[in-house]
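# Notes for the structure review
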Amino acid sequence: RKTFKSNYLLDVPELKELHKVIDQKLYGPLVLKGEWTKDENRNTVTGETATLGGRIDYTLIGDDLSSTINNVPLENILGILGHKRDFLGKAYGKGKYNLKRKSGVVDLDIKSFQIKPSPATQTIKMVIGKDPARVIFSSTKFHADIKGKITEYTLHAKGSHSSIDITNGRVNKINNTNTAKFKFV
């Protein structure tokens, strides 16, 4: 029937070693397990990982990757992507990414979103008299549009007496910059 089906287990002790192979800078270990199917028309890879805590299920059909994120610590997601682990919370949501076009969309709900204490939170505390690192936001929505080395994003977090809005967010991996409009109430 010209079909192939197999289970797989991919155990990568350090993603940093794969930078040149996958053309993406990722960090830390990763274990993926699932099923690979190939027929005359396409490759299909399904699987899951619990390496980051929580669970991520994914499906790759041709060049289209879709994933479902369930109860994954936000600081672990930031760490594997090489960002500072300045935020806490549990991420739930979906992502879609096209490997050939290097573009996609991510939508996350983050439960118990919180900013970790830092020099920036201490400065805000001195200016306004409130410590943003002590606020736990009950409703947080994150949206990102990925287009090659440019990612545009928004984040809207609401707590009982506080809110954070990050709009016009833009991560530029070409010149290693992150710009955004930030509002803390």
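First things first, this report covers the structure right here in the doc. What you see is a predicted model; the values in this text were computed from it and never measured.

Rules used throughout
All residue numbers refer to position in the chain's written sequence, counted from 1. Given that this is a predicted model, residues contribute local features only at a pLDDT of at least 70 and side-chain atom pairs are listed and counted only at 80 or more, while totals for whole chains, interfaces and linings are drawn from all residues. Only hydrogens and water are removed before side-chain values are computed, so all heavy atoms of the structure are retained for them. Numbering of helices and strands runs from the N terminus; a helix is a DSSP stretch of H or I covering at least four residues, while a strand is a stretch of E covering at least two. Only protein chains enter the accessibility calculation, which uses a 1.4 Å probe; a residue whose area is less than 20% of its type maximum is buried, one above 50% is exposed, and one in between is partly exposed. Throughout, a contact is declared for two residues whenever any of their heavy atoms are within 4.5 Å. All accessibility values rest on the Shrake-Rupley procedure with a 1.4 Å probe; residue burial counts only the protein chains present in the view.

## Regarding the overall build of the protein chain
- From N to C terminus, the protein chain includes three helices and 11 strands.
- In sequence order, the secondary structure elements of the protein chain are arranged as β-α-β-β-β-β-α-β-β-α-β-β-β-β.
- Across its three principal axes, the protein chain shows a C-alpha extent of roughly 70 × 30 × 25 Å.
- Looking at the protein chain residue by residue over its 185 residues, the buried ones come to 31%.
- When contacts within the protein chain are restricted to residue pairs at least 6 apart in sequence, long-range pairs at least 24 apart make up 34% of them.
- Carbon together with sulfur atoms contributes 54% to the accessible area of the protein chain, which is approximately 12200 Å² in total.

## Here's the deal with unusual backbone geometry
- In this model, Asn71 sits at a positive phi of 60°, which is unusual for a non-glycine residue.
- Relative to the elements of secondary structure, Asn71 occurs in strand β5 (residues 64-73).
- With a relative accessible area of 31%, Asn71 lands in the partly exposed category.
- You will see that Ser112, though not glycine, has its phi angle at about 55°, which is positive.
- Residue placement: Ser112 occurs in strand β7 (residues 103-115).
- Judged by relative accessible area, which is 45%, Ser112 ranks as partly exposed.

## Describing helix α2 (residues 74-81)
- For α2, the full list of buried residues reads Leu74, Ile77, Leu78, Gly79 and Ile80.
- Among the structural elements, β2 (30-38), β5, β6 (87-98) and β7 are those in contact with the buried residues of α2.
- Taken from the residues just after α2, Gly82 is the one with a positive phi, measuring 85°.

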